[in-house]
Amino acid sequence: MTNTAGTDTAGLLAEELEEGLAKSTKDDPEYLSWDSKARRTITVYIPLAIFVIVLLFPFYWMAITSVKPDYEMYDYKQYNPFWVYSPTLDNIKKLLFDTEYPRWLLTTMGIATAATFLSVGASVLAAYAIERLRFRGAQHVGLLVYLAYLVPPTILFIPLATLIFQFGLFDSPISLILTYPTFLIPFCTWLLIGYFKSIPYELEECALIDGASRLQILRRITLPLAVPGLISAGIFAFTLSWNEFIYALAFIQSTEKKTVPVAILTELVTGDVYQWGSLMAGSLLGSVPVAIIYSFFVEYYVSSMTGAVKE
Amino acid sequence: MDATTIDGTVRFVPNRTQSWLGRLFDWKPFLVFLCMLPTIGLLVIFLTYPLGLGLWLSLTDTTIGHRGDYIGLENFWSLYDDPVFWGAVWYTIFYTAVATAGKFLLGLWLALLLNHHLPFKAFIRAIVLLPWIVPTVLSSIAWWWIYDPQFSIISYVFVNVLHLRDTYFDFLGAPWPARWSLIVANIWRGIPFVAITLLAGLQTISPSLYEAALLDGASSWQKFRRITVPLLMPILSVALTLSVLFTFSDFQLVYAITRGGPFNSTHLMATLAFQRAIPGAQLGEGAAIAVAMIPFLIVATLLCFFGVGRRKWQQGGDND
């Protein structure tokens, strides 16, 4: 009994599938003949392959250089530069044990984490106030915060440097933790306002009727529902602070307090002979943390990026 | 004092479990104030105030370690006579225009390619974003190595594999090659953002529109020109504005690869401002260069946003 029923449904499914396929081939002119398949290869697959190769090649080059021994790296005649014949960890070892690279990684991670928490915390409150408390002028405040996103750090770093100096924060990681939110908060607030909009207001009204206070509502209802939004804001904030360069370059002086991007460029580039192996290894290792975080949350990342732009 | 009076009223409502503190937190104006405080505080201290301070610094002769005096427009007059400054202005505009055009043309193409039904689509979409995720300075260092005069892999391909040239390229040694090399690296970095953003825009376009166009016998170009482009305009204008803004104020890429050289030919306004202000210690002059960027930024933003945005309004009528 069950068996026949099984084959029946399977047969039906197959029939449906066939029908669907026939329909799609009929409707879609691109599948009409072999000729159009060849055209599709030329117009879609080949350009796409070129795009992917060009976009990824610098990373491949970075990776392969960082495991090449010096005699291979500078001898293209004997060794094909696209391949590595006897991979070595010397460059990475030198980076980890002869320089302060681990320290830079830790510093960067600490600064990025602190700046992320500070910005996401401030942004959640601000976005909640703008979107949910609906005070008079909320729209205008939202617009002002958005405008803050359009002020590029490159026109701010000189006055900020004097300000940081006055506060006595020069050469201290705190200066970066406090200045990164200037570009993180506008972005996160913008993203979270969009996210709060998607949470039904009725839920909050119900809680209000049940006698919950506003803070309870925020903590018990809105925030748990906004977790995906918080995660994407957090990832964004973390990657942006990890990638930040100009503030870290201007405000930090001592070697051991530098962040990874600054340290590689100012500490590893010495004299006229560049240690390309170590430089590439450092760049690779400095890219890995953000790449890992990104790979875990790629869906959040893409959707929030495009969502924020669409808003 | 205030607290005790509120505390007094609480006693008259014994059933209410909330203290005066709890009620304060439920009072909307206070709550709004409290919620906005961190954001407004941080932004005012570290964004609005520095913006004003920058304007003031540009009117002084401040150097590192010396509190400057008001000198009027002196900094701007000296910049006006400074060929290096005008070179930087010119290259910044050129860099922004060419790089943005390249990013958007190639990005749109990539978005259209990714909009097809493809195997491993999610994976391709994910890896394509990598140049945008990775810290710009670090990928710039990779480009620096690719542009190496002696061991450039591009030169190797052209000379030793394809035999198209006899000598290696001197990418960063002469002004024009260096300028173009930087623009190529910037386009490389910008394509993913444009492509993924426009892809999101493409996916909101209803397929029924294309079906209708197909029934009416429209060609692929007509479909692209009359359906895709107009419906992509809103998201395109936002992406374009952001892209122009951040390309114009770019710093990292140029600082990492050429530091403005050779012969100051690749200075952007931002790198020149940094050069003069921090290593050169002339904070006032650096601030003046940064301030000089502001009018350009405002014009560029308005131009992109309204120039492209308005066409969306006109789409209702049949124009151009």
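Parameters and conventions
- Throughout, residues of each chain are indexed from 1 in the direction in which the sequence is written.
- Chains and ligands are labelled by the order in which they are written, letters from A for the one and numbers from 1 for the other.
- A pLDDT threshold of at least 70 governs which residues receive local features in this predicted model, and a stricter bar of 80 or more applies before side-chain atom pairs are shown or counted, although totals over entire chains, interfaces and linings include all residues.
- Working from all heavy atoms in the structure, the side-chain values ignore hydrogens and water.
- Only DSSP runs of H or I reaching four residues or more are called helices, and only runs of E reaching two or more are called strands; each is numbered from the N terminus.
- Partly exposed residues are those whose accessible area sits between 20% and 50% of the maximum for their type, while under 20% is buried and over 50% is exposed, using a 1.4 Å probe and protein chains only.
- When checking whether two residues touch, look at their non-hydrogen atoms; a contact exists if any pair is within 4.5 Å.
- Shrake-Rupley sampling with a 1.4 Å probe provides the accessible areas, and residues are treated as covered by the protein chains on show and by no other component.
- Residues enter a patch when their relative accessible area is above 30% and they make no salt bridge; the linking distance is 9 Å between like charges and 5 Å between nonpolar side chains (Val, Leu, Ile, Met, Phe, Trp, Tyr).
- Salt-bridge detection follows one rule: a side-chain nitrogen of Lys or Arg within 4 Å of a carboxyl oxygen of Asp or Glu.
- Summed over both partners, the accessible area (1.4 Å probe) lost when two parts come together is defined as the buried area.
- We call two N or O atoms a polar contact when they sit within 3.5 Å, provided that within protein one can donate a hydrogen and the other can accept it, with sequence-adjacent residues counted only if both atoms are side-chain atoms.
- Under the grouping applied here, Gly and all other residues not named as nonpolar or charged are polar, the nonpolar ones being Ala, Val, Leu, Ile, Met, Phe, Trp, Tyr, Cys and Pro and the charged ones Asp, Glu, Lys and Arg.
- Two rings from Phe, Tyr or Trp (for Trp, the six-membered ring) form a pair when their centres sit within 6.5 Å of each other. Planes less than 30 degrees apart are called stacked, planes more than 60 degrees apart edge-to-face, and all others tilted.
- We count a charge as sitting over a ring when the NZ of a lysine or the CZ of an arginine lies within 6 Å of the ring centre and within 35 degrees of the ring normal.
- Among buried residues, those of type Ala, Val, Leu, Ile, Met, Phe, Trp, Tyr and Cys that are joined through side-chain atoms within 4.5 Å constitute a nonpolar core.
- For the purposes of this description, domain bounds are those given by an automatic or database domain assignment.
- Note on definitions: angles span 0 to 180 degrees between N-to-C directions of axes, and those axes are lines fitted to C-alpha atoms, for helices only across the stretch in contact.
- Residue count minus one, scaled by 1.5 Å, sets the expected span of a helix.
- For every residue, the predictor assigns a confidence score, pLDDT, that lies between 0 and 100.

Asks: Residue-level account of the overall build of chain B, with values.
Replies: Looking only at helices and strands, one finds 15 helices and 0 strands in chain B. Looking at chain B as a whole, 50% of its 320 residues qualify as buried. When contacts within chain B are restricted to residue pairs at least 6 apart in sequence, those whose partners lie at least 24 apart make up 65%. Of the roughly 15,500 Å² of accessible surface on chain B, 68% is carried by carbon and sulfur atoms.

Asks: With reference to specific residues and values, describe the overall build of chain A.
Replies: Counting its secondary structure elements, chain A contains 16 helices and 0 strands. By residue count, 50% of the 311 residues in chain A fall in the buried class. Of the accessible surface of chain A, which amounts to about 15,100 Å², a share of 65% is contributed by carbon and sulfur atoms.

Asks: So what's going on with a nonpolar patch on the surface? Residues and values would help.
Replies: Taken together, the side chains of A:Ile42, A:Ile46, A:Ile50 and A:Val54 present a nonpolar region at the surface, about 370 Å² in accessible area. Considering the arrangement of structural elements, one finds A:Ile50 in helix 2 (residues 34-66).

Asks: How would you explain the interface of chain B and chain A if you had to name every residue and give the values?
Replies: Contact with chain B, which involves 93 residues of that partner, is made by 92 residues of chain A. Taking both partners together, chain B and chain A bury about 8,500 Å²; carbon and sulfur atoms supply 82% of that area. Our count for the contact surface shared by chain B and chain A stands at 0 salt bridges. Our count for the chain B to chain A interface comes out at 11 residue pairs in polar contact (both at pLDDT 80 or more). Its residues assigned to classes, the side of chain B that touches chain A shows 74 nonpolar, 13 polar and 6 charged.

Asks: Talk me through the packing of aromatic side chains; I want residue IDs and the actual numbers.
Replies: The final tally for this structure, using the stated rule, is 52 aromatic pairs over all chains. Measuring from centroid to centroid gives 5.7 Å for A:Tyr149 and A:Trp190, while their planes differ by 50 degrees, and the two rings are tilted. One end of the pair, A:Tyr149, is in helix 6 (residues 138-149); the other, A:Trp190, is in helix 9 (residues 181-197), and 41 residues separate them in sequence. Take A:Tyr149 and A:Trp190: they sit in the same class, and that class is buried. Three or more aromatic residues joined by ring pairs make a cluster, and in this case those are A:Phe57, A:Tyr60, A:Trp61, A:Tyr74, A:Tyr76, A:Phe82, A:Trp276, B:Trp144, B:Trp145, B:Phe151 and B:Tyr156. A:Arg134 extends its terminal NZ or CZ atom over the ring of A:Tyr201, reaching a point 4.5 Å from the ring centre.

Asks: Now, about the nonpolar core: what can you tell me, with residues and values included?
Replies: One finds A:Tyr180, A:Tyr247, B:Leu110, B:Ile141 and B:Ile257 to be the most contacted residues of the largest nonpolar core, which totals 191 residues. Element by element, the count of residues in this core is highest for helix 5 (residues 101-133) of chain A, at 15 residues. Two domains each provide a minimum of three residues to this core, namely domain 1 (2-57) and domain 2 (82-314) of chain B. Those residues in contact with B:Leu110, other than ones at most four positions away along the chain, are A:Leu48, A:Phe51, A:Leu55, B:Val128, B:Ile191 and B:Ala195.

Asks: Break down the packing of helix 5 (residues 83-114) of chain B against helix 14 (residues 269-277) of chain B for me, with residues and values.
Replies: Residue and element names in this part refer to chain B. Where helix 5 meets helix 14, the closest approach of the two axes is 8 Å, and the angle between their N-to-C directions is 145 degrees. Of the residues in helix 14, those in contact with Val-84, Phe-85, Ala-88, Val-89 and Thr-92 of helix 5 are Met-269, Leu-272 and Arg-276. Classifying every residue of the contact of helix 5 with helix 14 gives 6 nonpolar, 1 polar and 1 charged.

Asks: Talk me through helix 5 of chain B; I want residue IDs and the actual numbers.
Replies: Owing to its 3.6 residues per turn, the α-helix brings residues three or four apart onto one side. Under the 1.5 Å per step criterion, the end-to-end length of helix 5 of chain B is 45 Å for 32 residues, consistent within 8% with the ideal 46 Å. At the N-terminal end of helix 5 of chain B, a side-chain oxygen is found 2.9 Å from the backbone nitrogen of B:Val84, two or three residues along, and the residue is B:Asp82.

Asks: Hey, could you go over the environment of B:Ser152 for me, with residue numbers and the actual values?
Replies: Summarising the element assignment, B:Ser152 is placed in the loop between helix 8 (136-146) and helix 9 (153-161). Along the chain, B:Ser152 and B:Phe169 lie 17 residues apart, while their C-alpha atoms are 8.0 Å from each other. Those residues in contact with B:Ser152, other than ones at most four positions away along the chain, are A:Tyr76, B:Trp145, B:Ile146, B:Tyr147, B:Tyr168 and B:Phe171.

Asks: Got a sec to walk through unusual backbone geometry? Specific residues and values, please.
Replies: Residues and elements named next belong to chain B. Phi is positive for His-163, close to 55 degrees, though the residue is something other than glycine. Examined against the element boundaries, His-163 turns out to sit in the loop between helix 9 and helix 10 (175-203). Owing to a relative accessible area of 59%, His-163 belongs among the exposed residues under this scheme. One non-glycine residue, Asn-264, lies in positive phi territory at about 60 degrees. With respect to the helices and strands, Asn-264 occurs in the loop between helix 13 (252-257) and helix 14. Of the residues examined, Asn-264 reaches a relative accessible area of 38% and is grouped as partly exposed.

Asks: Any details on the packing of helix 14 (residues 260-268) of chain A against helix 8 of chain B? Residues and values, ideally.
Replies: In contact at an axis separation of 8 Å, helix 14 of chain A and helix 8 of chain B are set at 35 degrees when each is read in the N-to-C sense. Of the residues in helix 8 of chain B, those touching helix 14 of chain A at A:Pro261, A:Ile264 and A:Leu265 are B:Val137, B:Leu138 and B:Ile141. Considered class by class, the residues forming the contact of helix 14 of chain A with helix 8 of chain B number 6 nonpolar, no polar and no charged.

Asks: Explain the side chain of B:Thr63 residue by residue, including any values.
Replies: The residue B:Thr63 is located in the loop between helix 3 (28-57) and helix 4 (74-80) in this model. Not counting residues up to four positions away in its chain, the partners in contact with B:Thr63 are B:Ala281, B:Gln282 and B:Leu283.

Asks: Can you break down the pattern of salt bridges residue by residue, with the values?
Replies: In the structure shown here, the tally under the stated rule is 5 salt bridges over all chains. Across the pair B:Glu285 and B:Arg276 runs a salt bridge whose closest N-O atoms are separated by 2.8 Å. Comparing B:Glu285 with B:Arg276 shows no difference in burial state: the two are buried. Each of A:Glu131, A:Arg132 and A:Glu204 takes part in salt bridges that share partners, so that together they form one network.

Asks: Describe the confidence of the model for chain A, naming the residues involved and giving the relevant values.
Replies: Residues and elements named next belong to chain A. Of all residues in chain A, 86% have pLDDT values of 70 or greater, and the mean over the chain is 82. Averaged pLDDT values for the elements of chain A fall to 44 in helix 1 (residues 2-27) and rise to 93 in helix 8 (residues 173-179). Note on residues 1-27: pLDDT is under 50 here. Beyond four places in sequence and across chains, it has 2 contacts.

Asks: Please give an account of the side chain of A:Asn243 that cites residues and values.
Replies: Mapped onto the fold, A:Asn243 is located in helix 12 (residues 227-243). Of the polar contacts made by the side chain of A:Asn243, one reaches the backbone oxygen of B:Ile133; its length is 2.9 Å. Setting aside residues no more than four positions away along its own chain, A:Asn243 makes contact with A:Val290, B:Trp132, B:Ile133, B:Val134, B:Pro135 and B:Gln252.

Asks: Mind laying out the confidence of the model for chain B, listing which residues take part and the relevant values?
Replies: Residue and element names in this part refer to chain B. Averaged over every residue, the pLDDT of chain B is 84; the share at 70 or more is 90%. Confidence, read as mean pLDDT per element, is least for helix 1 (residues 2-11) in chain B (42) and greatest for helix 5 (94). Predicted confidence for residues 1-15 stays below pLDDT 50, and this span has 7 contacts to residues more than four positions away or in other chains. Segment residues 312-320: pLDDT under 50, and 8 contacts once partners within four positions in sequence are set aside and those in other chains are kept.

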